[in-house]
Structure formats: structure tokens, C-alpha cells
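Tertiary structure, described
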Amino acid sequence: MTALKLFWSYFRVGAMNELQYRVNFFVQLFQSLIALATGLIGLALVFSHTTELGGWSRPELLVVMGVHIFMGGLIQMSIQPNMARLMEDIREGALDYTLTKPADAQVLVSVREVRIWQTVDVVVGLIVLGVAVYQLQVSVGLWQALAFAVALCLGAIMVYCFWLLLTTGAFWVVRMDNLIELFQGVYQAGRWPVTIYPDWLRTGLTFLVPVAFAVTVPAEALTNRLTPTTLLGAAAFTLGLLIVTRWFWRRGLRAYSGASA
Amino acid sequence: MNAFKALADFYLTNMKTAIACEFQYRVAQYFYMIGMIAEPVIYLVVWSTIAGAQGGSVGGYTPGQFAAYYIVWTLVRNMNIVFTPYGWEWRIRQGQLTGMLMRPLHPLHYDISWFAGWKFVVILLWLPIAVVLYLAFQPTLNPSWLQIAVFAVAIWGAYLIRTMLLWLLGLISFWTTRVSAIFELYFTLELLLSGRLVPLSLMPEWVQSLANFLPFKYAFGYPIEALVGQPTPVQLFAGLGMQLFWIVVGALAVQLVWRAGVKQFTSVGN
């Protein structure tokens with residue numbers, strides 16, 4: 001409960017801060033539209049040469065794109081800025097200020113930063129999803145919608161855990177700036193359903209960098225491909241990841257020496 | 001004659017400095033290069049899948065040829081990396097530009113020679129990655145000696161074209177700081193018209209004709225196709241000629257815009 005209250009407080013402050021710079025909204029909107037246009041052109045190009053890709057039809061690939069944009073917006077809005085700030089705080093010793101606060105450090109470092117204008121991407125993703133579902137011409141039942149929502153939540157949590165695991169490495173390695181670029185590069189693989197990639201790549205994109213769980217699995221939920229086994233497996237994997245992340249975070253904190261002692 | 005020798009000496013010295021400097025950060029460079037591989041690998045897999053579904057080839061490319069295209073892509077992409085146009089705002093604001101203007105040499109020489117030296121480090125670091133990609137994706141690659149020679153020249157031509165183009169973009173910072181919209185638009189056009197997203201033969205006809213009149217293709221798609229495709233010697237040399245043309249046009253444009261920009265540039269200091 002405290003975690004949610006903290007998130008809401010930081011969210012309000014962060015939003016108030018960024019809402020001052022209204023032009024940034026239009027800049028972000030422009031960038032999101034260009035990215036969307038590029039994605040749609042890519043899709044159109046693919047479908048000028050074929051009618052389906054690895055068993056996925058055009059509206060189904062649009063669903064994948066919608067989830068990809070939506071999830072990307074969430075990551076850029078909340079997960080990435082927090083992890084970037086955590087990396088910097090560890091490097092400069094400013095993490096001390098967070099550790100002395102009366103709330104759990106992991107919660108604090110995960111909710112502090114919010115980039116409110118990235119919600120443009122979240123909205124664009126939802127719009128694309130809406131259009132795609134409409135084009136699918138198959139009514140989405142209640143169970144499917146629920147499975148989709150659950151899969152999205154699990155995917156988001158897994159991406160968060162993955163990011164935090166990597167960033168916790170900064171307690172030992174200190175300089176991890178290039179990780180952000182690396183992740184952004186690998187995340188682009190989520191634009192297409194991971195089932196089309198060769199086996200070794202698919203495994204890497206499922207268990208090494210959980211792009212599959214973040215994008216393909218929710219898309220599968222909406223396009224009638226999701227089996228209960230996969231969803232339960234995702235839930236189990238999420239739980240495991242959360243436990244490991246928590247443990248690793250506590251180990252990292254013990255290795256932290258800070259700047260003020 | 002003396003001036004030419006001095007310039008060549010400057011280039012050599014700056015390139016050696018760049019190599020020594022950038023080689024220190026090879027681990028960070030590797031992280032960056034590995035992250036960059038994601039993009040061509042994704043394109044490669046998508047188009048190989050389509051080629052497989054369409055009975056073996058699409059747009060004249062078999063999966064093996066797609067693999068060759070996108071593996072060479074990684075080298076050309078690295079050769080394409082030059083001083084970011086976003087960096088100009090930093091140069092102007094931080095006062096670096098003032099220092100550069102005080103020196104007797106045009107700052108363009110500094111950028112060209114520094115990044116050229118860096119490219120040698122990049123090429124060296126790229127070789128292991130190329131081997132791994134070769135083993136993983138089994139490309140169909142058997143170029144002739146002429147193709148290899150032309151390719152070796154073409155990648156430097158591509159580097160120079162892109163230097164001119166991105167310098168032109170960056171110089172817009174002399175007049176406004178709200179440049180991200182223009183830059184993003186440029187990068188998107190470049191992505192589609194250069195052969196970076198897909199080989200140009202997969203684009204609709206009108207896009208291919210348009211690409212012939214623009215410089216983007218000669219900075220990216222042409223070098224790749226010179227090595228990976230089956231061009232005639234005439235086509236190879238015509239491409240090199242077009243590269244030279246765009247380098248000259250670019251350099252003239254840079255000189256014009258640079259003069260206009262510096263004329264209305266002011267800086268404050270002691």
C-alpha cells in the first residue's frame with residue numbers, strides 16, 4: 001500500500017514538473033508519430049511482398065506493434081528513467097539520501113522518476129491496438145481481455161525486474177551507461193513476434209531479455225494463441241524473477257559504500 | 001605544396017591521436033556495437049522468413065543473400081557514424097566552437113580526421129563480430145576482386161558523404177536550437193531511402209527512382225550492393241563517380257552554409 005502511495009506522490013510531483021514544459025508534449029508527439037509512421041511503412045513493405053509472416057496476419061502484426069509501442073511507452077515513462085537515475089546515484093554516492101529515508105529503498109528507487117510526456121507513446125500504442133483489434137474482425141471475449149491484461153502486467157513486471165537486476169550490477173561495476181543503449185537495441189526485436197526468430201535467438205529473447213513476455217505473449221492473448229500453460233509459466237517466471245531481483249538488490253546494497261560515511 | 005603537406009601531416013597526426021584515444025574505450029565500444037546488431041538481425045530474420053514463404057527469394061534476394069546484405073550492413077553502418085548533428089548545439093553553447101574558429105584550419109578537417117582514425121579502431125573491433133554473424137547466419141557471399149577493391153573505396157566515400165550531410169544538418173543549430181523535429185524527419189527519410197531498412201530493390205518503383213537522385217543511397221545501399229550483389233564494372237565505377245559527385249556537392253554546400261552561419265555567430269568571453 002505504501003508503495004502505491006509513494007508512487008502516486010512522486011507521479012504527481014513529476015507530472016507537475018514536466019507539465020510546465022508544454023512544448024515538449026508536441027516534440028514527443030511528433031517523435032511518436034514519426035516512429036509510428038516508420039513502423040507502419042515497414043509493415044506495409046513486408047505485406048507488399050507476402051500475405052502472412054510466420055503464421056501472423058497483417059492485423060495480428062499490428063497488434064504486436066501496438067503492444068510494442070504501449071510497452072515501450074511504459075518503459076520510457078517509468079522504468080528507464082528510474083534505472084538511469086539509480087545508476088547515476090550509485091556512481092556519485094547520492095544513493096545515501098535515498099537509503100536514509102524511512103521507506104524501502106527498492107520501492108523508492110523504482111518510483112521516483114516519471115517522464116509524463118512518454119504517455120503519448122502509451123496512448124498511441126492503445127490506439128494502434130484498438131485499430132488492430134477492429135481489423136481483426138474477431139470479437140475479443142472477456143477471458144481474452146483478462147488474459148491480455150494479466151499478460152501485460154506480468155510482462156511489465158518482468159521488464160522491471162530485468163532492468164533492476166542489470167542496474168544492481170552497478171554496485172560492483174559502477175559504469176553501466178551503455179546498458180541503456182544495449183537494451184533499446186534488443187527491445188526493437190519485440191517489434192515482431194519472437195516466434196519468427198531462430199531457436200537460439202528466441203530463447204535469448206524469452207529468458208535472457210524478457211522481450212517475448214513483454215510483447216509477444218500479450219499479443220498472443222489478443223490473437224487467440226495463448227495457452228493457459230504459457231500464461232501460468234509466465235506467472236511462475238515473474239514470481240521467480242521478483243524473488244531473485246529482491247535478493248540481488250539486498251546483496252548489492254550490502255556492497256554499497258556510499259559517499260557520506 | 002607546403003600547405004598540402006601540412007594538411008596531410010595534420011590528418012595523420014589527428015588520426016593517430018584518435019586511434020590511441022578511442023582504443024581505450026573498446027569495451028564501451030563493443031557494448032554499443034553489439035546493441036547495434038539487433039537492428040540488422042531483426043530485418044534479416046523478417047525478410048528471410050518472407051523469402052522462405054515466397055518460394056526461396058523476394059526482390060531478388062535469397063535468405064543467404066539477405067544474410068550477406070545485413071552482415072555487410074553492420075560494417076557500413078559503423079562507417080556511417082560521424083559527428084552527431086545534435087552535438088552542434090553543445091559545441092556552440094559550451095564555447096568549443098569559439099576555440100575551433102581561432103585555429104587556422106577549418107573545423108571540418110578536425111572532424112573528418114578524428115572520425116577517420118576512429119574508424120580503424122571500429123573496423124578492428126568489428127572483425128570478431130563479423131565472424132560470429134557469418135557463422136550464425138551463413139550468408140551467400142562470393143565477391144570478385146574488383147568488387148572488394150571498389151567496396152574498400154566505397155565505404156570511405158560513404159563516410160565522407162555522411163560527414164557532409166550531417167554537418168549540414170548540424171549547422172542549422174546556428175539559427176535555431178529547436179532542431180530535433182528536423183533531425184528526426186531527416187533520419188527517417190534516410191532510413192527509408194538509403195537501403196538501411198531494406199535493400200532498395202524491395203522498395204516500390206517510384207521510391208527506387210527517387211533514391212537515385214538523392215545522396216542517401218550512395219552513403220549506404222551502394223557500398224553494400226557493390227560487395228553483395230552482382231554489379232557490372234560499369235555500374236561499380238558509376239557508383240563511385242556518384243559518390244564523388246555527392247561529396248563535392250556536399251562540401252560546397254557545407255562551405256556556403258558555414259560562411260553564412262559563422263558570419264552571424266557571436267560569442268562572449270574574456
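**Observations concerning the overall build of chain A**
Helix and strand counts for chain A stand at twelve helices and zero strands. Listing the helices and strands of chain A from first to last along the sequence gives α-α-α-α-α-α-α-α-α-α-α-α. Taking 261 residues into account, the globule formula puts the C-alpha radius of gyration at 18 Å, and chain A, at 19 Å, falls close to it. By principal-axis analysis of the C-alpha atoms, chain A measures approximately 65 × 45 × 35 Å. The burial tally for chain A puts 39% of its 261 residues in the buried class. Contacts in chain A between residues at least 24 apart in sequence constitute 83% of all its contacts with a sequence separation of at least 6.

**Brief notes about the overall build of chain B**
Within chain B, the regular secondary structure consists of twelve helices and zero strands. Relative to a compact globule of 270 residues, whose C-alpha radius of gyration would be 18 Å, chain B shows 20 Å and is just as compact. A principal-axis box enclosing the C-alpha atoms of chain B has dimensions of 70 × 40 × 35 Å. Within chain B, the proportion of its 270 residues that are buried is 38%. Across chain B, contacts joining residues at least 24 apart in sequence account for 81% of those joining residues at least 6 apart.

**Considering the interface of chain A and chain B**
With 24 residues of chain A at the interface, the matching set in chain B holds 27 residues. Listing elements by their share of the side of chain A that touches chain B, those giving two or more residues are helix H2 (23-47) and helix H9 (178-187) of chain A. For the side of chain A that touches chain B, the element with the most residues is H2 of chain A, which contributes nine residues. When the residues that make up the side of chain A that touches chain B are grouped by side-chain class, the tally is 13 nonpolar, nine polar and two charged.

**Some remarks on unusual backbone geometry**
Among all residues save glycine, negative phi is the norm, and among peptide bonds the norm is trans. For asparagine 224 of chain A, which is not glycine, the phi dihedral falls at a positive 65°. Position of asparagine 224 of chain A among the secondary structure elements: in the loop between helix H11 (211-222) and helix H12 (228-255). A tally of 12 C-beta atoms within 10 Å means that asparagine 224 of chain A is categorised as exposed. Notably, glutamine 138 of chain B is not glycine yet its phi reads approximately 50°, a positive angle. Turning to its location among the elements, glutamine 138 of chain B is positioned in the loop between helix H6 (107-137) and helix H7 (145-171). We classify glutamine 138 of chain B as exposed; it has 12 C-beta atoms within 10 Å.

**Some remarks on the environment of alanine 156 of chain A**
Residues and elements named next belong to chain A. Looking at where alanine 156 falls in the secondary structure, it is placed in helix H7 (residues 142-168). Each C-alpha atom, one on alanine 156 and one on methionine 65, is 16 Å from the other, the two residues being 91 residues apart in sequence. Apart from residues no more than four positions distant in its own chain, alanine 156 is found in contact with Met71, Leu74 and Ala214.

**Re the packing of helix H3 (residues 58-92) of chain A against H11 of chain A**
All names here are of chain A. Where H3 contacts H11, the axes come no closer than 9 Å and their chain directions differ by 135°. Judged by the angle between their axes, H3 and H11 are oblique. The handedness of the crossing between H3 and H11 is right-handed. Residues Val63, Val64, Val67, His68 and Met71 of H3 pack against Ala214, Val215, Thr216, Pro218, Ala219 and Leu222 of H11. For the contact of H3 with H11, the per-class residue count stands at nine nonpolar, two polar and no charged.

**What to know about the packing of H7 of chain B against helix H11 (residues 221-228) of chain B**
All names here are of chain B. Put simply, H7 and H11 touch, their axes get as near as 9 Å, and they point 170° apart. The orientation of H7 with respect to H11, classified from their angle, is roughly antiparallel. Across from Gln147, Ile148, Val150, Phe151, Ala154, Ile155 and Ala158 in H7, the residues of H11 making contact are Tyr222, Pro223, Ala226 and Leu227. When grouped by side-chain class, the residues that make up the contact of H7 with H11 number ten nonpolar, one polar and no charged.

**A short note on the nonpolar core**
Residues Val211 of chain A together with Val72 and Ala158 of chain B are the most contacted members of the largest nonpolar core, which totals 135 residues. Take this core: its biggest share by element is 17 residues, from H3 of chain A.

**A look at the confidence of the model for chain B**
Model confidence for chain B is summarised by a mean pLDDT of 91, while 99% of its residues fall at 70 or above. Reported confidence for the predicted complex is 0.83 by ipTM and 0.86 by pTM.

**Description of the confidence of the model for chain A**
Looking at chain A as a whole, its pLDDT mean stands at 88, while 99% of the residues score no less than 70. In the model of chain A, H9 of chain A stands out as the element of lowest mean pLDDT, 80, in contrast to helix H6 (residues 119-136) of chain A, which has the highest, 92.

**Digging into the environment of alanine 151 of chain A**
Residue and element names in this part refer to chain A. Mapped onto the secondary structure, alanine 151 falls in helix H7. Judged by C-beta crowding, with 26 C-beta atoms within 10 Å, alanine 151 ranks as buried. Residues within four places of alanine 151 in sequence aside, it is in contact with Val217, Pro218, Ala221, Leu226, Leu231 and Ala234.

Reading the values: the criteria
Residues numbered from 1 in each chain as written. Chains lettered and ligands numbered in written order. Predicted model: local features only at pLDDT ≥ 70, side-chain atom pairs only at ≥ 80, totals over all residues. Helix = DSSP H or I, 4+ residues; strand = E, 2+ residues; numbered from the N terminus. Rg over C-alpha atoms; globule rule 2.2 N^0.38 Å. Buried ≥ 20, exposed ≤ 12 C-beta atoms within 10 Å, placed from the backbone. Contact = placed C-beta atoms within 7 Å. Nonpolar A, V, L, I, M, F, W, Y, C, P; charged D, E, K, R; others polar. Axes fitted to C-alpha atoms, helices over the stretch in contact; angles between N-to-C directions. Parallel < 35°, antiparallel > 145°, perpendicular 65-115°, else oblique. Left-handed = near helix turned anticlockwise from the far one by under 90°. Core = buried A, V, L, I, M, F, W, Y, C linked by C-beta atoms within 7 Å. pLDDT = per-residue confidence, 0-100.

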